[in-house]
Amino acid sequence: MGFLTGPIPVLPEGSTLPATSGSRPSAVVALGGGHGLSATLSALRLLTTDLTAVVTVADNGGSSGRLREELDVLPPGDLRMALAALCDDTDWGRTWRDVMQHRFKSRPGVDGSLDNHALGNLLIVTLWELLGDPVAGLQWAGALLGARGQVLPMSTHPLTIQGDVLRQTDSGLRHETVTGQAELAVAGTRSNVVNVRLLPSDAPACPDALTAIEKADWVILGPGSWYTSVLPHLLLPQMRDALCATSARRCLTMNLRNETKETAGMSAVDHLHAIRRYAPGFKVDAVLADPAVVEDRDSFAAAAAEMGARAVFGKVGAAAGRPIHDPLRLAAAYHDIFGEN
């Protein structure tokens, strides 16, 4: 089942980006999960047709958590969102994107078994059960949607993310262990996350994902929830080794908000230090950040340089001011980075 969707136009009708000779890479791998990865893919699909998304598989909340618990499958939610982000900007693509993202809502007073399940999650799990292969199932889903690239799980084994948190109590500071992505994602609102890890610690990475990273021209990590969507790729030993060893150039994309429910009290520089702490051998060529979230540009540039990178500042947030990346602005920033490095 080793197929991908065929070549399609690089830009949807009416979209334009400045042309720079030799700046368009032939193969890009984007790693992350959730809304952050969706933003990256929505931008990158405007630049290349050779695009691979590598997605975290540690989610244990919502529809994904229910399906994972009931059927012993990979959590499909972040994989579904990545597929939806790769849908073409046509009637076909927009329709299938909406179908994949559609959630069932039971009428008031009814506790329905489909309540809050995303149809795309059910479709993906159906393909997995019929084909017996997570990668093949995602390829079939991508072909149905006309996706501009392929979506792969970081591992074909469901993972669990666990973290230690430091909380202030009436009797002083107290260490606690938080297990589960959904739980860790909100742990920072009342404590400091001091350590994260994946279980099982020696889980194998998806072989297709490792191959894609090896053959890539560019690898993009982030944006996304730092401890639960970005760092997990560097916590999986085989994937961390692949990211450190690849000849591809690497770009780390920063979030549009530093303090979230899992990163309370952290600055943009602290985010870079967290990457270095967990993967000191991971070198980066460029770190892309919106200047609105960088308190001290000099300190940030110095922290980026410690990772081997140059800091690139650009307005990549949505015009409305919400902490959401604008696909065209992000695509333009990536276009420039690809051309200058």
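Look a little higher up for the structure.
Student: What exactly am I supposed to notice about the pairing of strand E2 (residues 51-55) here?
Tutor: A large share of E2 lies buried, amounting to five of its five residues. The alternating pattern of E2 places Leu51, Ala53 and Val55 on one face and Thr52 and Val54 on the opposite face, and all of these are buried. Crossover connection from strand E1 (residues 28-32) via helix H1 (residues 34-44) to parallel E2: handedness right-handed.

Student: Even after reading the chapter, I still don't get the state of the cysteines, so can you show me in this structure?
Tutor: Working definition: the covalent bond between the sulfur atoms of two cysteines is a disulfide. Tallied over the entire structure, the rule returns zero disulfides. Cys244 forms no disulfide, and the closest cysteine sulfur to it belongs to Cys251, at a distance of 16 Å.

Student: Which parts of the structure should I look at to understand the nonpolar core?
Tutor: Note that soluble globular proteins tend to have their nonpolar side chains buried in a common cluster. Met239, Leu252 and Tyr334 are the most contacted members of the largest nonpolar core, which totals 102 residues. Beyond its immediate sequence surroundings of up to four residues, Met239 is in contact with Leu31, Val54, Met154, Ala205, Ala209, Leu210, Ile213 and His233.

Student: What am I meant to see in the sheet that holds strand E9 (residues 286-289) here?
Tutor: Backbone-to-backbone hydrogen bonds pair the strands of a sheet. The strands run either parallel or antiparallel. Here we have seven strands laid out as an open sheet, ordered E3-E2-E1-E7-E8-E9-E10, and parallel in their pairing. Lying at the two open borders of the sheet, with one neighbouring strand each, are strand E3 (150-153) and strand E10 (310-313). Sheet twist, expressed as the average angle between the axes of neighbouring strands with direction ignored, equals 20°. Judged from the four bridges that link them, strand E7 (residues 218-221) and strand E8 (residues 249-253) form a sheet pairing that is parallel. Across the sheet, Trp218 pairs through a bridge with Arg249, a residue of E8.

Student: What is the right way to read the packing of H1 against helix H3 (residues 77-85) from this model?
Tutor: Axis angle and axis distance: for two packed helices, these are the angle between their axes and the distance between the axes, and together they describe the pair. Look at H1 against H3: their axes get within 8 Å of each other, and the N-to-C directions meet at 20°. In terms of their interaxial angle, H1 and H3 are classed as roughly parallel. In the packing of H1 onto H3, the handedness of the crossing is right-handed. Counted together, Gly34, His35, Leu37, Ser38, Leu41 and Ser42 of H1 and Asp78, Met81, Ala82 and Ala85 of H3 form the full contact between these two elements. Looking at the contact of H1 with H3, its residues break down into five nonpolar, four polar and one charged.

What counts and how
Residues numbered from 1 in each chain as written. Predicted model: local features only at pLDDT ≥ 70, side-chain atom pairs only at ≥ 80, totals over all residues. Heavy atoms only, no water. Buried < 20%, exposed > 50% of the residue type's maximum accessible area, 1.4 Å probe, protein only. Helix = DSSP H or I, 4+ residues; strand = E, 2+ residues; numbered from the N terminus. Right-handed = clockwise from strand over helix to strand, strands pointing away. Disulfide = S-S within 2.5 Å. Core = buried A, V, L, I, M, F, W, Y, C linked by side-chain atoms within 4.5 Å. Contact = heavy atoms within 4.5 Å. Pairing = 2+ DSSP bridges. Axes fitted to C-alpha atoms, helices over the stretch in contact; angles between N-to-C directions. Parallel < 35°, antiparallel > 145°, perpendicular 65-115°, else oblique. Left-handed = near helix turned anticlockwise from the far one by under 90°. Nonpolar A, V, L, I, M, F, W, Y, C, P; charged D, E, K, R; others polar.

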